[in-house]
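Commentary on secondary and tertiary structure
One-letter residues, chain by chain:
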Amino acid sequence: MSEQERGRPDGRRSIRSFVVRAGRMTAGQEKAHTDFWPLYGLPYSPQPADLDALFGRQAPRVVEIGFGNGDHLAQMAAARPDADCLGIEVHPPGVGHLLQLVATGGLTNVRISNHDAVEVLENQIPPASLDEVFILFPDPWHKKRHHKRRIVQDDFLDLIASRLKPGGVLRLATDWVPYAEHMLECLARHAHYENLSPSGDYVARDAERVPTRFERRGERLGHETRDLAFRRRA
Ligand SMILES: C[S@@+](CC[C@H](N)C(=O)[O-])C[C@H]1O[C@@H](n2cnc3c(N)ncnc32)[C@H](O)[C@@H]1O
């Protein structure tokens, strides 16, 4: 067992849901980091953030975990100016891309974290502070021996439940049906979540959700998408 796979003293898993790829940033993304990170970036710190101070107001708070290149988050923020949107993504080029979209779109309701979402939620996001959390097309980690790397696990769902306000909603989508089944199984047995699906399994795709890069890729490969929505019980 590697150092990374050994359990932590607090019992939470220490296996990461990502590998930091050495993807190159374009010149535009580099420039966006330099010019716009000071305006929209939330530097990681193991202390709870003051979200009202971060966004400069009180408003419904939405978090998107693993936003990729940020297309969905930018369009959601533009469509919902009354909500504050925090994106969390470990991949710096994706962060650079979203910084460009935020700056060119003149979006004032977006902030960005370039850090592991597990640590950000655990340490920076105060309990019961979020209205909505999105996890769209998380890495499916197809091989059985890699399933432990999937971000949607019981302990991460515990953590999200603790950060959602009572009545807050967790929305997920995946184009990998076995992962969708795993999500459904974990959420259905979780005491803190209530399924918003009338049929007790999946929900219809939200027409307002813009297709993400990975969703479009899944479509090209002929994959079926599953959407899930669960409410944090009061
Ligand atoms: C398969 S991609 C999907 C990206 C995007 N949501 C989309 O649909 O196009 C998964 C993304 O999650 C990010 N990711 C995985 N684990 C993460 C974590 N613990 N914290 C932050 N980002 C994470 C990866 O870097 C990657 O960009």
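Presented here is a report on the structure given in the accompanying data block. (Residues numbered from 1 in each chain as written. Predicted model: local features only at pLDDT ≥ 70, side-chain atom pairs only at ≥ 80, totals over all residues. Heavy atoms only, no water.)

Some words on the packing of aromatic side chains
What the rule picks out here adds up to zero aromatic pairs. Directly above the ring of W141 sits R149, whose terminal nitrogen or CZ lies 5.1 Å from the centroid. In this structure, R226 is placed above the aromatic ring of Y202, and the distance from its NZ or CZ to the ring centre is 5.4 Å. (Phe/Tyr/Trp six-rings, centres within 6.5 Å; stacked < 30°, edge-to-face > 60°. Lys NZ or Arg CZ within 6 Å of the ring centre and 35° of its normal.)

A few points about the sheet that holds strand 2 (residues 84-88)
The strand order 3-2-1-4-5-7-6 describes an open sheet built from seven strands, whose pairing is mixed. Both outer strands of the open sheet, strand 3 (110-113) and strand 6 (193-195), are each paired with one neighbouring strand and no more. Recorded for the sheet is a direction-independent mean angle of 20 degrees between the axes of neighbouring strands. Sheet topology places strand 1 (residues 61-65) next to strand 4 (residues 130-136); four bridges connect them, and they run parallel. When the sheet's bridge partners are listed, V62 is paired in strand 4 with E132. (Pairing = 2+ DSSP bridges. Helix = DSSP H or I, 4+ residues; strand = E, 2+ residues; numbered from the N terminus. Axes fitted to C-alpha atoms, helices over the stretch in contact; angles between N-to-C directions.)

Structural notes on the site of the ligand
The environment of the ligand is made up of 19 residues, and the closest members are S17, G66, E89, L136 and T212. At 2.8 Å, a side-chain N or O of D116 approaches a nitrogen atom of the ligand. At a separation of 2.6 Å, an oxygen atom of the ligand approaches a polar side-chain atom of T212. Bound to the protein, the ligand loses 95% of the 590 Å² it would expose on its own. By residue class, the composition of the shell around the ligand is nine nonpolar, five polar and five charged. (Near = heavy atom within 4 Å. Polar contact = N/O pair within 3.5 Å; in protein donor to acceptor, adjacent residues only side chain to side chain. Areas by Shrake-Rupley, 256 points an atom, 1.4 Å probe, with all protein chains shown as cover. Nonpolar A, V, L, I, M, F, W, Y, C, P; charged D, E, K, R; others polar.)

Everything listed here is a matter of coordinates, which is why it stays silent on function.
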